[in-house]
Amino acid sequence: MSHTLHLEAIRIGLGGRTLVALDAEIGPGQVLTVMGPSGSGKSTLLAYLAGFLDPAFQADGRVRLDDVDIAALPAEARQIGLLFQDALLFPHLSVAGNLLFGLPRGGARRQQRATEALAQVGLAGFEDRDPATLSGGQQARVALLRLLLSAPRAVLLDEPFAKLDSPLRGEMRTLVFECLRTAGLPAVLVTHDAADAEAAGGRVVQLA
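Residues numbered from 1 in each chain as written. Predicted model: local features only at pLDDT ≥ 70, side-chain atom pairs only at ≥ 80, totals over all residues. Heavy atoms only, no water.

Focus: the packing of helix α4 (residues 136-149) against helix α5 (residues 166-183)
Put simply, the test is: As a rule, the C-alpha atoms of each element are fitted with a line to give its axis, helices using only the stretch in contact, and angles between N-to-C directions run from 0 to 180 degrees. Runs of E in the DSSP output that reach at least two residues are strands. Runs of H or I that reach at least four are helices, and both are numbered from the N terminus. Here roughly perpendicular refers to angles of 65 to 115 degrees, roughly parallel to angles under 35, roughly antiparallel to angles over 145, and oblique to all remaining angles. Contacts are residue-level and defined by heavy atoms, with any inter-residue pair within 4.5 Å sufficient. Each residue is assigned to one of three groups, with Ala, Val, Leu, Ile, Met, Phe, Trp, Tyr, Cys and Pro labelled nonpolar, Asp, Glu, Lys and Arg labelled charged, and all others, Gly among them, labelled polar.
Where α4 contacts α5, the two axes come as close as 11 Å, and the packing angle between them is 10°. Classed by the angle they form, the pair α4 and α5 counts as roughly parallel. Mapping the contact onto sequence places Gly136, Gly137, Ala140, Arg141, Leu144 and Leu148 in α4 and Leu168, Glu171, Met172, Leu175, Val176 and Cys179 in α5. Here the contact of α4 with α5 is composed, by residue class, of eight nonpolar, two polar and two charged.

Following this line, the structure appears as structure tokens:
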């Protein structure tokens, strides 16, 4: 199922100063890229959309995911997936355990779905591996799979390629954006890297 994220008259401020003023509609598989220097409000916007905004900030506007206004919902009810520059895999779980964490409990074929997902990104046979033994690129792929298997309705990307070396960065950009398009997921990408924005291929918003 495809989804659309509507950001309507979003205004986020701190101490009377407006940091973010944004109106956008992000369709299925589209990526809105938000760029700007440190302190411009990029991560603050993601925190607002995800439901983690510090109460010191003032925020107004509507955030609609399909036909649901999610701005008043708690973070865990928003069905928004998050991908960071660190993979943040659970160290006490195997690779398969990390993927199963994202899958609904009690569902049929959970193990098989995890196995199939690993094969699709070139990690067949990695089910029992300790996350600590994986390369940075392998960890990034597992983090992406865990997000997708959790069946989000929209995705927030916070500098997800920043810690990867240059050749791997291009490979992961291609994989992430192809997966989002295939799944029909709208996404907001925060980045300092113009190459990320170019690869995303959507609208770019520059914060001061």
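Topic: the sheet that holds strand β1 (residues 5-14)
Within a beta sheet, neighbouring strands are joined by backbone hydrogen bonds and run either parallel or antiparallel to one another. Here is the rule: Strands qualify as paired when DSSP identifies two bridges or more between them.
Taken in spatial order, the four strands line up as β2-β1-β4-β5 in an open sheet, and their pairing is antiparallel. Every other strand in the sheet has two partners, leaving β2 (17-26) and β5 (68-69) as the edge strands with one partner each. Alignment of β1 against strand β4 (residues 58-65), held across seven bridges, turns out to be antiparallel. The residue bridging Leu5 from the neighbouring strand is Leu65, located in β4. Most of the contacts of helix α1 (residues 42-50) go to β1, to which it runs at about 120°, and overall it touches β1, β2 and β4.

Description of the packing of aromatic side chains
Stated formally: Planes of paired rings set the category: under 30 degrees apart is stacked, over 60 is edge-to-face and the rest tilted, where pairs are Phe, Tyr or Trp rings (Trp by its six-membered ring) whose centres lie within 6.5 Å. Exposure classes here rest on a 1.4 Å probe applied to the protein chains alone. A residue is buried below 20% of its type maximum, exposed above 50%, and partly exposed in between.
Under the definition given, this model contains two aromatic pairs. Both rings, one in Phe161 and one in Phe177, keep their centres 5.8 Å apart while their planes meet at 75°; by these two values the pair is edge-to-face. One end of the pair, Phe161, is in the loop between β7 (154-158) and α5; the other, Phe177, is in helix α5, and 16 residues separate them in sequence. Note on accessibility: Phe161 and Phe177 belong to one class, buried.

Here we look at the nonpolar core
Note the threshold: Nonpolar cores were defined as sets of buried Ala, Val, Leu, Ile, Met, Phe, Trp, Tyr and Cys residues, with membership established by side-chain atoms within 4.5 Å.
Among the nonpolar cores identified, the biggest contains 37 residues, and Leu157, Met172, Val176, Phe177 and Leu180 are the most heavily contacted of them. If you list the elements that add at least two residues to this core, you get α2 (95-102), α3 (110-120), α4, β7, α5 and β8 (187-190). Beyond its immediate chain neighbours, meaning those up to four positions away, Leu157 contacts Leu46, Leu83, Val176, Phe177, Leu180, Ala187, Val188, Leu189 and Val190.

Some words on the sheet that holds β7
Taken together, the five strands give an open sheet; going across it, the order is β6-β7-β8-β3-β9, and neighbouring strands pair in parallel fashion. The sheet is open, and its two edges are formed by β6 (80-84) and β9 (204-206), each paired on a single side. Adjacent strand axes in the sheet meet at a mean angle of 15° when their direction is disregarded. Pairing geometry for β6 and β7, over five bridges, is parallel. Bridge pairing in β7 links Leu82 to Leu156.

Observations concerning the pairing of β4
Sheet analysis places β4 next to β5, joined by two bridges and oriented antiparallel. Bridge pairing in β5 places Arg64 opposite Asp69. Linking β4 to β5, which pair antiparallel, is a turn of two residues; within it Asp66 sits at a positive phi near 60°.

Examining a nonpolar patch on the surface
Inclusion rule: Exposure above 30% relative accessible area and no salt bridge define the residues that can form patches, which grow by joining like charges within 9 Å and nonpolar side chains of Val, Leu, Ile, Met, Phe, Trp and Tyr within 5 Å. For the accessible areas, the method is Shrake-Rupley and the probe is 1.4 Å, while residue cover comes only from the protein chains on display. One speaks of a salt bridge when a side-chain nitrogen belonging to Lys or Arg is within 4 Å of a carboxyl oxygen belonging to Asp or Glu.
Taken together, the side chains of Phe52, Leu82, Phe84 and Leu88 make up a nonpolar region of the molecular surface, amounting to roughly 380 Å² of accessible area. On the secondary structure map, Leu88 appears in the loop between β6 and α2.

Observations regarding unusual backbone geometry
The general pattern is negative phi for most residues beyond glycine and trans for most peptide bonds. With a phi angle near 55°, Leu88 is a residue other than glycine that sits in the positive phi range. Unlike most non-glycine residues, Glu159 shows phi in positive territory, near 50°. Tracing the sequence through the fold places Glu159 in the loop between β7 and α5. Since its relative accessible area comes to 11%, Glu159 is described here as buried.

Overview of the pattern of salt bridges
Following the criterion strictly, the structure yields 11 salt bridges and no others. Residue Glu8 pairs with Arg64 through a salt bridge whose shortest N-O separation is 2.8 Å. With Glu8 in strand β1 and Arg64 in strand β4, this residue pair connects regions lying 56 residues apart in the sequence. Given the relative accessible area of 18%, Arg64 is considered buried. For the salt bridge of Lys163 with Asp86, the shortest nitrogen-to-oxygen distance reads 2.8 Å. Highlighted residues: Lys163 in the loop between β7 and α5 and Asp86 in the loop between β6 and α2, separated in sequence by 77 residues. Linked through salt bridges whose partners overlap, the residues forming this network are Glu8, Arg62, Arg64 and Asp69.

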